[in-house]
Amino acid sequence: GARLVVLASGGGSNLAALLAAHDDVAFGARVVGVVSDKPAAGALDLARDAGVASVAVAPADFADRAAWNTGIGEAVEVFRPDWVVLAGFMRILSPEFLARFPQRVLNTHPALLPAFPGAHGVRDALAYGVKMTGCTVHVVDDGVDTGPIVAQAAVPVLDDDDEAALHERIKVAERSLLVETVGRAAREGLRVAGRRAVFG
Ligand code: GAR
C-alpha cells in the first residue's frame, strides 16, 4: 500500500478517520508517520495510541522559518511517503519543502475553494453570508489554498449556525471526503495537468 505521512496541528479528527481506514487493506494506504508543528497537538496522542510513529517539529526550535522548513522536510522524508496529507496543519510550507514531494502533498480545507482560503475558512464563509459552503481536498502548490482541486463536498449553512456548529458539520463531510480521496489517489494515482487534477 501507499505510505502516508499526515501533518496536523490540532485535535486530529481527520487523522483519526485515516487511521480508522488504514487497517483495511482495500484502502490501499497506511499512515506511516504523523508530524506536527505543535508538541501538544492531540494528533500526536492519536498517533501514539494507534502505534504510528510521530514527531513534533516546532518552529521555536529553529533559527528561522527557512530552517524550520528544512527540518520538517527532513522529518517527513525519513518516512519515505508516497503522499503527504495536511489534515488541520495550520502553517504555510515553503517551496523548498514542497519540492521534496512534487504533486504529492494534499490538503483538506474547510470551505469550497477558491472561496474562503486561509486560516478562517469557516468564519469567513459565515461572515460573507453564503448559504452553501463545504470542504475541499486539493494538491498543495506554492500559494495559500490555491492548488489544483481534487475533490469537494457541499455543506449547507443553517440559519442558526455559529462558527463552531458549522465547522462541526463540515468536519463530518470532510472526514469522509478525505478518506475517500486519499484512498483513491493511493489506489489509482493522481495526475495534475495545469489546474486540473484527475485520478488515474
Ligand atoms: C479541519 O476542518 C481542516 O480542514 C482545518 O482544520 C480542521 C482540523 O480538524 N484546516 C484548516 O483550516 C487549514 N487552513 P482536525 O484537527 O480535527 O482534523
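Residues numbered from 1 in each chain as written. Predicted model: local features only at pLDDT ≥ 70, side-chain atom pairs only at ≥ 80, totals over all residues. Heavy atoms only, no water.

Attention now moves to the UniProt feature "site: Raises pKa of active site His" (unreviewed entry) in the chain. The feature "site: Raises pKa of active site His" (unreviewed entry), as given by UniProt, occupies D145 in the numbering adopted here. One can find D145 in the loop between β6 (132-139) and β7 (149-156). Sequence-distant contacts of D145, that is, excluding residues within four places in its chain, are made with N107, H109, L113, P117, G118 and H138. For D145, the side chain forms a polar contact with the side chain of N107, separated by 3.2 Å. (UniProt positions renumbered as here; feature names shortened; annotations may be inferred. Helix = DSSP H or I, 4+ residues; strand = E, 2+ residues; numbered from the N terminus. Contact = heavy atoms within 4.5 Å. Polar contact = N/O pair within 3.5 Å; in protein donor to acceptor, adjacent residues only side chain to side chain.)

What follows covers the site of the ligand. Around the ligand lies a shell of 14 residues, among which G12, S13, N14, H167 and E174 are the nearest. Note that an oxygen atom of the ligand is positioned 3.4 Å from one of the backbone N or O atoms of G11. Protein contact buries 91% of the 450 Å² of open area that the ligand shows by itself. Of all elements in the fold, only α1 (13-21), β5 (105-109) and α6 (163-188) reach the threshold of two or more residues within the shell around the ligand. (Near = heavy atom within 4 Å. Areas by Shrake-Rupley, 256 points an atom, 1.4 Å probe, with all protein chains shown as cover.)

Let's shift gears to the side chain of T108. Within the secondary structure, T108 is located in strand β5. Note on T108: relative accessible area 6%, which makes it buried. Engagement of the side chain of T108 in a polar contact is seen with the side chain of E174, the distance being 2.6 Å. Among all residues touching T108, those that are not within four sequence positions of it are N14, L86, A87, G88, T136, V137, E174 and L178. (Buried < 20%, exposed > 50% of the residue type's maximum accessible area, 1.4 Å probe, protein only.)

By the burial criterion, the buried members of helix α5 (residues 121-128) are G121, V122 and A125. Take α5 and look down its axis: the buried residues cluster within an arc of 100°, on one side only. The positive-phi residue at the C-terminal boundary of α5 is G129, with phi of around 95°. (Arc of directions from axis to C-beta.)

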